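# Coordinate inspection notes
Residues per chain are reported as follows:
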Amino acid sequence: MKIVVIGGGAAGMAAAASARRVNPTADITLLEASRHVSYGSCGIPYYLGGLVEDVSRLVTYTPEEFRRSRKVEVLTNSYVKDINVSSKRVVYVSEKGEEREVGFDTLVLATGARPVVPKIEGLGLNGVYTVRFLDGAVKLKEDLARSKRVTIIGAGYIGLELAENFKRAGREVTVLELLPRPMPNIDPELAEIVSRELKKNGVRLELNKRVVGLKGDGRVEKVVTEDVEYETDLAVIAVGVKPNVALAKRIGVELGESGAIKTNSRMETSVKGVFAAGDNSEANHIVLNQPVYIPLAQTANKMGYVAGANAAGGSEEFPGVVGSAITKVFDLEIGRTGLGEEEAKKYGVETKSVLIKARSRAGYYPGGRDLWVKLILEKSSNVIIGGQVVGYEGVWGRIAALTLAIMNRFTPKQLVFSDLPYAPPFNPVWDPLIVAARVSLK
Ligand code: NAD
């Protein structure tokens, strides 16, 4: 059996490893256009800020290690040009610049996503970056060393992780955001706490700013918005990503409404024998029971695991996602899962919600910090469909608990009586999650 995986990011590597586990004798080839596989792009902000010193620390496997340990033929610097579905061959340009072909019985498309770049003037200037791949990150870090003022366009996950890290590296940081608040996938009351944390740490956060151009003489000197021009030495664009679906389209793979690849729970596409996984694919939203495009690293790994197993003759299913995500901006931890209140409205789901402020530890135990919990319930069923937690410690565990509650359609009462762990250094005896659930019962 011959399996070809296109893409050596999280999904592609997970697919190849999982295919090998299921089928010890298959010929597995993985084609990757860049020179790295198995890179943790999520670590790039921390590399830029100096918390991770060497970029090689972000690489889990070198191609050689993966080849040796998984018996997978890993071809880097190998760009796939075309796929012939009827003759079951992938055409690629090899490291030496030669056109080559490799045959397949099953194929996994793990082509990822790429940064969205707004159509504005000045994109070709030096000192303008997006953040996605390791090589680009190395170049950006070198440039950062020569730059005093940095402007980030977009206050989403990448933008804010970069803001913290550029500050850590001692730079003057401005963040320009199109919307009236940062982090649009959390609700405004909690986004306000994020804004305060950014300002407290010296980040200049400018909201309601649409960037219309970049100006400079060879190198970027100004980021231009509709009403203000910001002087800068370096600009980073972080306004979201879009799925890489050119190859999928070429072979007639059906796309979903989001523009990402449509798959079933086995990660099969509409073309027989062709699977897809990762940032190029939609996933089923378990609350909404409809496909969504939420490209995240953990999801990519799991989708890859399922796609690879099935491509190798196994039988795995990916149940879907609820949109759980977490990040940290300076000292503030920000987590969300399920539907946000605004998001729910967009999907026509009527909600009620509670927001509480509590402490992260027992009142008498030193070191407790503020913690905010928002619970979002579906009005008709009284089931918890969303949760957002912001605070200075203990956010991950609470978001994890809420994720499981949402995936299992818990009511607030079931959350109140969940046997959550307690000890004074970790929480008050009535954990903030339980308090929020009790308030929502009233
Ligand atoms: P994002 O969607 O998180 O944020 C993009 C931000 O840019 C939004 O706030 C949006 O309103 C703003 N924006 C859009 N157009 C703009 C414009 N013209 N001018 C100014 N602002 C504009 O996207 P991202 O930060 O680029 O991250 C890319 C992907 O990677 C996302 O899917 C994100 O969820 C994911 N990611 C997740 C994590 C994490 O989970 N910790 C970390 C990094 C990245």
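Cut-offs used in this document
Residues numbered from 1 in each chain as written. Predicted model: local features only at pLDDT ≥ 70, side-chain atom pairs only at ≥ 80, totals over all residues. Heavy atoms only, no water. Near = heavy atom within 4 Å. Polar contact = N/O pair within 3.5 Å; in protein donor to acceptor, adjacent residues only side chain to side chain. Areas by Shrake-Rupley, 256 points an atom, 1.4 Å probe, with all protein chains shown as cover. Helix = DSSP H or I, 4+ residues; strand = E, 2+ residues; numbered from the N terminus. Nonpolar A, V, L, I, M, F, W, Y, C, P; charged D, E, K, R; others polar. Domains from an automatic or database assignment. Contact = heavy atoms within 4.5 Å. Buried area = accessible area lost by both parts, 1.4 Å probe. Salt bridge = Lys/Arg side-chain N within 4 Å of Asp/Glu carboxyl O. Core = buried A, V, L, I, M, F, W, Y, C linked by side-chain atoms within 4.5 Å. Buried < 20%, exposed > 50% of the residue type's maximum accessible area, 1.4 Å probe, protein only. Pairing = 2+ DSSP bridges. Axes fitted to C-alpha atoms, helices over the stretch in contact; angles between N-to-C directions.

### Regarding the site of the ligand
Taken together, 22 residues are adjacent to the ligand, and Ile158, Glu177, Pro184, Gly240 and Ile326 come closest. A distance of 3.3 Å separates a nitrogen atom of the ligand from a polar backbone atom of leucine 178. Taking 840 Å² as the accessible area of the ligand by itself, protein coverage stands at 79%. Sorting elements by how many residues they give to the shell around the ligand places helix 5 (residues 157–168) first, with four residues. Looking at the shell around the ligand, its residues break down into 14 nonpolar, five polar and three charged.

### Quick word on the domain arrangement of the protein chain
Size of an interface: often given as the accessible area lost when the parts come together. The domain architecture assigned to the protein chain consists of domain 1 (2–34 + 76–113 + 243–311), domain 2 (117–237) and domain 3 (325–441). Once you take the C-alpha centre of each, domain 1 and domain 3 turn out to be 35 Å apart. Residue-level contacts link seven residues of domain 1 with eight residues of domain 3. Among the residues of domain 1 in contact with domain 3, Ile286, Val287 and Leu288 are the three that bury the most area, contributing 66% of the side total. Linking domain 1 with domain 3 are zero salt bridges.

### Description of the nonpolar core
Nonpolar side chains in soluble globular proteins tend to end up buried together. Residues Leu160, Phe166, Val175, Val194, Leu198, Val236 and Ile334 are the most contacted members of the largest nonpolar core, which totals 40 residues. Of all elements in the fold, only helix 2 (44–48), helix 4 (134–145), strand 10 (149–153), helix 5, strand 11 (172–176), helix 6 (188–200), strand 16 (234–237) and strand 22 (332–338) reach the threshold of two or more residues within this core. Taken together, domain 2 (117–237) and domain 3 (325–441) each give at least three residues to this core, which thus spans both. Counting 37 residues, the second-largest nonpolar core is a separate cluster that includes Leu30, Leu288, Ala300 and Val321.

### Thoughts on the sheet that holds strand 22
Whenever strands of a sheet pair, they do so through backbone hydrogen bonds, lying parallel or antiparallel. If you walk across this open sheet you meet the five strands as 21-22-25-24-23, and the pairing is antiparallel. Whereas interior strands pair on both sides, the edge strands pair on one side only; in this sheet they are strand 21 (325–329) and strand 23 (351–359). Ignoring strand direction, the axes of neighbouring strands in this sheet form an average angle of 10°. Inspection of the sheet shows strand 23 paired to strand 24 (residues 370–378) by nine bridges, in the antiparallel sense. Note on strand 24: the bridge partner recorded for threonine 351 is glutamate 378. Lying over the sheet, helix 6 contacts strand 21, strand 22, strand 23, strand 24 and strand 25 (384–391), oriented at roughly 155° with respect to strand 24.

### Section: the sheet that holds strand 9 (residues 128–130)
Read from one edge of the open sheet, five strands run 9-16-10-11-12, paired in parallel fashion. Each edge of the open sheet is held by one strand with a lone partner, namely strand 9 and strand 12 (204–206). Each neighbouring strand pair of the sheet contributes to a mean axis angle of 20°, computed without reference to strand direction. Direction of pairing for strand 11 relative to strand 12: parallel, over a ladder of three bridges. Looking at strand 12, one finds that valine 175 is bridged to leucine 205. Its contacts with the sheet place helix 4 against strand 9, strand 10 and strand 16, and it is angled at close to 150° to strand 16.

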